[in-house]
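# Coordinate inspection notes
Given next are the chains, with one letter for each unit.
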Amino acid sequence: MGLTGITGISFLGFFVSHIPVTLLLDSQIIFPDAHPQPLIDLLDWYAVTFDDKLMQRPVDTWLTSMLWIEFVFQLPFFFVAVYAIWTKGKGMVNGKGWFRSYCMLYGASTATTVVPILTLVTLDPDKTLEQKLVLYGFYGPYFIFPVWIALLAASTDDLFAASTKKQAKSD
């Protein structure tokens, strides 16, 4: 299974939805004066309503550094991934080579950045189980999809091939 069929549609939805989240919400942390007040109010409302201490201002420096990684490294990848999945690897970006490698790099790097976030949510003594489950619902996809794409990329030579089993190389 590669980035085709329902898997491809799932990843297309994930990457398309991640673009506005990064540009309109997460980037507020690294560019605090660059957003209109309604977007600032939306992020503040979210942080207070769902008791997401990570996104409540002021934000910790370590999270700010993670969001810089998202903005500089991940955001361009979202556009490339959307294009690659939309064209099913038949456009300028195919499922081999650098795109496949970037999928593994994106997946491993992103999943790694989400682990401390999920850990903080899990270990927060002030949150009820229900509050933690809601935050897992928000943050969980940002762990699951990256791990999933890294595993897909690692298990195939072509993310858009009909069969994703790695081809045995003949000597």
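Residues numbered from 1 in each chain as written. Predicted model: local features only at pLDDT ≥ 70, side-chain atom pairs only at ≥ 80, totals over all residues. Heavy atoms only, no water.

Attention now moves to the confidence of the model for the protein chain. Taken as a whole, the protein chain shows an average pLDDT of 92; of its residues, 94% reach a score of 70 or greater. Counting contacts from residues 167–171, a segment whose pLDDT is below 50, to residues more than four positions away or on other chains yields one contact. (pLDDT = per-residue confidence, 0-100. Contact = heavy atoms within 4.5 Å.)

Leu-3, Phe-11, Phe-15, Phe-77, Phe-99 and Leu-159 are the most contacted members of the largest nonpolar core, which has 23 residues in total. Those elements that place two or more of their residues in this core are helix H1 (5–30), helix H3 (61–86), helix H4 (97–123) and helix H6 (141–154). By residue number, the principal contributor to this core is H3, which donates seven residues. Dropping the residues within four chain positions of it, Phe-77 is found in contact with Phe-15, Phe-99, Tyr-102, Cys-103 and Tyr-106. Ile-29, Val-114, Leu-118 and Val-121 belong to the second largest nonpolar core, which has 17 residues in total. (Core = buried A, V, L, I, M, F, W, Y, C linked by side-chain atoms within 4.5 Å. Buried < 20%, exposed > 50% of the residue type's maximum accessible area, 1.4 Å probe, protein only. Helix = DSSP H or I, 4+ residues; strand = E, 2+ residues; numbered from the N terminus.)

Moving on: H1. The terminal C-alpha atoms of H1 lie 36 Å apart, and with 26 residues this matches the ideal 38 Å at 1.5 Å per residue to within 8%. By the largest-angle criterion, Thr-22 marks the main kink of H1, which is about 45°. (Expected span 1.5 Å × (residues − 1). Bend = angle between axes of the 7 residues up to and from the residue.)

Here the focus is the layout of surface pockets. Empty space within the largest pocket amounts to approximately 530 Å³. For the largest pocket, the lining is made up of 22 residues, of which Val-21, Asp-26, Met-55, Tyr-139 and Tyr-142 are closest to its centre. Counting residues per element, the lining of the largest pocket draws most heavily on H3, which supplies five residues. The class makeup of the residues in the lining of the largest pocket is 16 nonpolar, four polar and two charged. (1 Å grid on protein atoms, 1.4 Å probe; cavity = no way out; pocket = protein on both sides within 12 Å on 5 of 7 lines; lining within 4 Å. Points joined across faces, edges and corners; volume = space filled by probe spheres on them. Nonpolar A, V, L, I, M, F, W, Y, C, P; charged D, E, K, R; others polar.)

Taken residue by residue, helix H5 (residues 129–139) has Lys-132, Leu-135 and Tyr-139 as its buried positions. Down the axis of H5, the buried side of the element spans an arc of 65°, and every buried residue falls inside it. Exposed side of H5, more than 90 degrees from the buried face: Leu-129 and Glu-130 are the residues found there. (Arc of directions from axis to C-beta.)

On the surface, Leu-23, Leu-24 and Phe-79 cluster together into a nonpolar patch covering about 260 Å² of accessible area. Secondary-structure assignment places Phe-79 in helix H3. (Patch = residues over 30% accessible without salt bridge, like charges linked within 9 Å, V, L, I, M, F, W, Y side chains within 5 Å. Areas by Shrake-Rupley, 256 points an atom, 1.4 Å probe, with all protein chains shown as cover. Salt bridge = Lys/Arg side-chain N within 4 Å of Asp/Glu carboxyl O.)

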